[in-house]
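Chain residues, written in single-letter form:
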Amino acid sequence: MQKIWCKVFSDSPPLDRDLDIILHYQGIGRIGPKVWQNINWLRFHKITESAQRHQRKYEDKYELIRITELMVNKEYFEGNIKNDIAVDKVVIAEEYKKPAKDRLLPVYEVKSESDSSKIEFTVLPVYGFGLWNNIWGFVALKSDFNTVQGAKFQHAGETPGLGARIESEEIQSRYADKKVFESGQVVSIYMQKGEGSNDYSSDSHKVDGMSGATLTGKGVNNMLKDYLSCYEKYLLKNQTSLN
């Protein structure tokens with residue numbers, strides 16, 4: 001795979017070539033349909049226009065882009081320094097190597113636009129190990145600090161078509177509306193062994209598995225239990241403040 005740094009003066013670059021093309025846009029609305037169809041990474045910076053203005057261009061990605069925009073705007077206007085530690089200086093992969101009690105744990109709080117004292121979503125970074133290499137991602141919780149709004153996972157080397165499916169919307173969407181807590185304690189969410197033979201829609205702590213990827217699934221389970229437990233005190237404190 002060639003990597004070429006270039007300037008592109010068109011919203012419709014030649015995406016049928018064996019190239020990695022890095023595009024820089026002043027606003028998200030400038031990204032054309034062909035680019036959206038072929039995009040692999042979107043690095044978000046502070047922009048002057050709102051993602052809401054162009055929602056129809058990326059309906060299937062809007063929720064994630066909107067959360068990202070709110071997070072970036074919050075960091076831009078308020079800074080993300082707490083206890084003299086800049087969040088963007090915390091390397092999750094390095095923190096993962098430490099004992100759980102010694103880790104720095106970034107938390108992204110997405111405030112309500114109508115009431116800045118209210119938290120709409122809380123986004124928690126997570127990190128772990130799959131079958132072959134590291135896995136990581138983010139878990140977004142709703143304003144009750146318990147119900148999953150969404151989950152995004154990535155990997156460094158899981159098997160294509162098997163464990164690598166953790167990056168797919170099909171797998172990630174199974175975590176929506178699941179619960180982290182039960183009776184005041186972190187129970188977490190567990191991917192089950194096997195796929196398609198059971199219905200877990202009524203179980204708050206289970207999701208369907210991935211055929212042929214049991215060990216990757218176990219890695220995801222361990223990652224979630226490990227990191228959600230690390231955030232337990234923070235989440236319980238905020239749950240208490242709601243009562």
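Residues numbered from 1 in each chain as written. Predicted model: local features only at pLDDT ≥ 70, side-chain atom pairs only at ≥ 80, totals over all residues. Heavy atoms only, no water.

Trainee: Please explain helix α5 (residues 214–230) as it appears in this structure.
Mentor: Residues that lie three or four places apart on an α-helix share one face, since the helix turns once every 3.6 residues. Between the first and last C-alpha of α5 there are 24 Å, a value that for 17 residues agrees with the 24 Å anticipated at 1.5 Å per step. All of the buried residues in α5 are Thr-216, Gly-217, Gly-219, Val-220, Asn-221, Met-223, Leu-224, Tyr-227 and Leu-228. (Helix = DSSP H or I, 4+ residues; strand = E, 2+ residues; numbered from the N terminus. Expected span 1.5 Å × (residues − 1). Buried < 20%, exposed > 50% of the residue type's maximum accessible area, 1.4 Å probe, protein only.)

Trainee: In this structure, what is going on with the nonpolar core? I would like to understand it.
Mentor: Inside soluble globular proteins, nonpolar side chains tend to come together where they are buried. Ranked by size, the top nonpolar core spans 31 residues in total, and within it Phe-153, Tyr-175, Val-220 and Leu-224 carry the most contacts. Elements represented by at least two residues in this core include exactly β6 (119–129), β7 (134–141), β8 (148–155) and α5. At five residues, α5 tops the list of elements feeding residues into this core. Counting eight residues, the second-largest nonpolar core is a separate cluster that includes Val-35, Trp-36, Tyr-58 and Ile-65. (Core = buried A, V, L, I, M, F, W, Y, C linked by side-chain atoms within 4.5 Å.)

Trainee: Just to check I follow, could you spell out the sheet that holds β7 for this structure?
Mentor: Strands belonging to one sheet form pairs held by backbone hydrogen bonds; the direction of such a pair is parallel or antiparallel. Read across the sheet, four strands follow the order β5-β6-β7-β8 without closing on themselves; strand pairing throughout is antiparallel. Each edge of the open sheet carries a strand with a single partner, namely β5 (108–111) and β8. When strand polarity is set aside, the average angle formed by the axes of neighbouring strands in this sheet is 15°. Where β6 meets β7, eight bridges bridge the pair, whose relative direction is antiparallel. Bridging from a neighbouring strand, Leu-124 pairs with Val-139 of β7. (Pairing = 2+ DSSP bridges. Axes fitted to C-alpha atoms, helices over the stretch in contact; angles between N-to-C directions.)

Trainee: Would you take a moment to explain the environment of Glu-95 for this structure?
Mentor: Residue placement: Glu-95 occurs in helix α3 (residues 92–96). The class for Glu-95 is buried, based on a relative accessible area of 7%. Taking C-alpha positions, Glu-95 is 9.1 Å from Tyr-127, a pair spaced 32 residues apart along the chain. The residues contacting Glu-95, other than those within four sequence positions of it, are Val-90, Asp-102, Arg-103, Leu-104 and Tyr-227. (Contact = heavy atoms within 4.5 Å.)

Trainee: What am I meant to see in the pairing of β7 here?
Mentor: Remember that side chains alternate between the two faces of the sheet whenever the strand is regular. Burial runs high along β7: six of the eight residues are buried. Judged from the seven bridges that link them, β7 and β8 form a sheet pairing that is antiparallel. Paired with Trp-136 across the two strands is Gln-154, which belongs to β8. The hairpin formed by β7 and β8 contains six residues between the paired strands, and Phe-145 there has a positive phi angle of roughly 60°.

Trainee: How do you make sense of a nonpolar patch on the surface when you look at a structure like this?
Mentor: Taken together, Leu-131, Trp-132 and Leu-215 make up a surface patch of nonpolar side chains, about 320 Å² in accessible area. Following the sequence through the fold, Leu-131 ends up in the loop between β6 and β7. (Patch = residues over 30% accessible without salt bridge, like charges linked within 9 Å, V, L, I, M, F, W, Y side chains within 5 Å. Areas by Shrake-Rupley, 256 points an atom, 1.4 Å probe, with all protein chains shown as cover. Salt bridge = Lys/Arg side-chain N within 4 Å of Asp/Glu carboxyl O.)

Trainee: Mind showing me how you'd approach the side chain of Arg-103 here?
Mentor: For Arg-103, the position within the fold is in the loop between α3 and β5. Only 3.1 Å separates the side chain of Arg-103 from the side chain of Asp-226, close enough to count as a polar contact. Not counting residues within four places of it along the chain, the set of residues in contact with Arg-103 comprises Glu-95, Tyr-96, Lys-98, Asp-226, Tyr-227 and Cys-230. (Polar contact = N/O pair within 3.5 Å; in protein donor to acceptor, adjacent residues only side chain to side chain.)

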